[in-house]
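Listed below are the residues making up each chain.
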Amino acid sequence: MREKLKALAELQKVDMEAATLRKAADVHPRQIAELERELGAARSAIEAERNRVADIERQKLQLEQNIADEKDKVKKWEARLAEQRSTREYSALAREIDIAKKANLTMADELVELTKTLATARETVKGKEAEFSARQQQLGSRMSELRAKLAEAESQVKQLEGQRSGVAAKVDATLLRRYETVRKKKLPALVGVVAGTCQGCNMNVPPQLYNQLRTSLGTDVCPSCHRIIYAVEALADPADAK
Ligand SMILES: [Zn+2]
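Residue indices begin from 1 for each chain and proceed along its sequence in written order. Since the coordinates come from a predicted model, pLDDT governs what is reported: local features require at least 70, and pairs of side-chain atoms require 80 or more to be given and counted, while whole-chain, interface and lining totals use all residues. Each side-chain value is worked out from all heavy atoms of the structure, with water and hydrogens disregarded.

S.K.: Please provide a residue-by-residue account of the overall build of the protein, values included.
M.R.: Under the scheme used here, helices are H or I runs from DSSP no shorter than 4 residues and strands are E runs no shorter than 2 residues, and both carry numbers assigned from the N terminus. If you tally the helices and strands in the protein, you get five helices and four strands. For the protein, whose C-alpha radius of gyration is 41 Å, the value lies well above the compact-globule estimate of 18 Å for 242 residues. Counting only C-alpha atoms and orienting by the principal axes, one finds that the protein spans roughly 130 × 35 × 30 Å. Partly exposed residues are those whose accessible area sits between 20% and 50% of the maximum for their type, while under 20% is buried and over 50% is exposed, using a 1.4 Å probe and protein chains only. Evaluated residue by residue, the protein yields a buried proportion of 30% over its 242 residues. The long-range share in the protein, meaning contacts at least 24 apart out of those at least 6 apart in sequence, stands at 70%. Only the protein chains shown count as cover for residues, with accessible areas throughout obtained via the Shrake-Rupley method and a probe of 1.4 Å. Entry remark: accessible area of the protein is about 15700 Å², with carbon and sulfur atoms responsible for 53%. The protein carries 43 positive and 37 negative side-chain charges, and their two centres are separated by 5 Å. The reference for a compact globule is 2.2 Å times residues^0.38; the radius of gyration itself is calculated from the C-alpha atoms. Any two residues whose heavy atoms approach within 4.5 Å are treated as being in contact. Positive charges come from Lys and Arg, negative ones from Asp and Glu, while His and the chain ends are left out of the count. Charged side chains are reduced to one point each, which is NZ for Lys, CZ for Arg, CG for Asp and CD for Glu.

S.K.: Please provide a residue-by-residue account of the pattern of salt bridges, values included.
M.R.: Side chains that carry opposite charge are capable of pairing whenever their charged atoms lie near each other. Here, a salt bridge means any side-chain nitrogen of Lys or Arg that lies within 4 Å of a carboxyl oxygen of Asp or Glu. All told, the structure shown has 22 salt bridges when counted by the stated rule. R122 serves as the salt-bridge partner of E57, at 2.6 Å between the closest nitrogen and oxygen. Of this pair, E57 sits in helix α1 (residues 2-83) while R122 sits in helix α2 (residues 87-168), and the two are 65 residues apart along the sequence. R122 gets classed as partly exposed once you look at its relative accessible area, which sits at 42%. Overlapping salt bridges bring together D15, R164, E180 and R183 as one network.

S.K.: For the coordination of the zinc ion, give the residues involved together with the corresponding values.
M.R.: Note: metal donors comprise N, O and S atoms at 2.8 Å or less from the metal (3.2 Å for Na, K and Ca); water molecules are not included, so apparent gaps in a site are possible. All of the protein donors around the zinc ion are C198 (SG), C201 (SG), C222 (SG) and C225 (SG); their distances to the metal are 2.2 to 2.3 Å. Tetrahedral means four donors with every angle between 85 and 135 degrees, whereas square planar (four donors) and octahedral (six donors) require angles over 155 degrees between opposite donors and between 65 and 115 for all others; sites fitting neither are termed irregular. Geometry at the zinc ion is tetrahedral, judged from the four donor atoms that bind it and their angles of 103 to 114° at the metal. Read in sequence order, the donor residues coordinating the zinc ion give the pattern C-x2-C-x20-C-x2-C. Of the two residues, C198 sits in strand β2 (residues 197-198) while C225 sits in the loop between β3 (220-221) and β4 (228-231), which places them 27 residues apart along the sequence. Grouping residues by exposure puts C198 and C225 together as buried.

S.K.: Describe in detail the nonpolar core, supporting the description with residues and values.
M.R.: Within soluble globular proteins, side chains that are nonpolar generally end up buried alongside one another. Counting residues in each nonpolar core, the largest one holds 21 residues, and the members touching the most others are L8, L11, V171, L176, Y179, L190 and I228. Among the secondary structure elements, those contributing two or more residues to this core are α1, α2, α3 (173-185) and β4. For this core, the element with the highest residue contribution is α1, accounting for seven residues. When we break this core down by domain, the ones giving at least three residues each are domain 1 (2-168) and domain 2 (173-241). Those residues within four positions of L11 in sequence are excluded, and the remaining contacts are R164, V167, A168, V171, L176 and Y179. What is meant by a nonpolar core is a set of buried Ala, Val, Leu, Ile, Met, Phe, Trp, Tyr and Cys residues, joined one to another through side-chain atoms within 4.5 Å. Membership of the second largest hydrophobic core comes to 11 residues, among which are V191, L209, Y210 and C222. Boundary definitions for the domains trace back to an automatic or database domain assignment.

S.K.: Give me the lowdown on the environment of C198, citing residues and values where you can.
M.R.: Residue class for C198 comes out buried when judged on its relative accessible area of 0%. Put simply, C198 and N104 are 94 residues apart on the chain and 91 Å apart in space, counted from C-alpha to C-alpha. Dropping the residues within four chain positions of it, C198 is found in contact with V191, G192, V193, M203, V205, C222, C225 and I229.

S.K.: A description of the side chain of R164 should follow, citing residues and the corresponding values.
M.R.: Relative to the assigned elements, R164 resides in helix α2. For R164, a relative accessible area of 16% puts it in the buried group. Apart from the residues lying within four places of it in its own chain, the contact partners of R164 are L11, V14, D15, Y179, E180 and R183.

S.K.: Tell me what's going on with the environment of K4, and back it up with residues and numbers.
M.R.: Looking at where K4 falls in the secondary structure, it is placed in helix α1. When its relative accessible area of 36% is taken as the criterion, K4 is described as partly exposed. In this structure the C-alpha to C-alpha distance between K4 and K101, which are 97 residues apart in sequence, comes to 103 Å.

S.K.: Please set out the pairing of β4 residue by residue, giving values where relevant.
M.R.: Judged by which residues are buried, β4 turns out to be covered on both faces: I228 and Y230 on one side and I229 and A231 on the other are all buried. Bridge count for β3 against β4 is two bridges, and the pairing is antiparallel. The residue bridging V221 from the neighbouring strand is I228, located in β4. Joining the antiparallel neighbours β3 and β4 is a turn of six residues, in which H226 adopts a positive phi near 65°. At least two bridges found by DSSP between two strands are what make those strands a pair.

Right, dumping it as structure tokens:
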């Protein structure tokens, strides 16, 4: 009886170890995805800054074009002014020229402001690009670290899975079937009973059942949680028992 129990305990050890590894390995893909998101957000922030610079550049070009057009217009009007015969027409055109010149001055002021804004925006982009490339490097190395850890855990799980069939072959067939059924719902599926209490559900097992487990050094089923139970004394080191 005790040997059967030992074989099953051995199998459960493998299963628990694999479960722990899987759980730990599950975290890595989530962490990697998290880092990828972070990197993507940083990249979009840079893109937004670059777009802002491009916008200002376009505005500046447009404004420069407008100023040049207005200057041309003024030049043409001034040429026409000399040809004016009537005083009324002359003064009307002179007024138009005056308004156009004032508008040009306003646009020239705007251009100065826009040039300053553009310089600042370009500086900001430069700074953010440096920040981004540092962050990108940092995140990249963290990601490859995590990928390596994930691969390592996966290979360990595979190794354990390889061992498992050998260990399972030593377990009594009936006991193994019961274990596999319980294992699908609960792990650990095999639990000890300590001083009459099932370590799986913390309920007391009937005293008669407990006594029987201690005498047989075998297994039974917990009436409360249906895990496979054994008296812990059965797996205790014989040296301790003496
Ligand atoms: Zn129980």
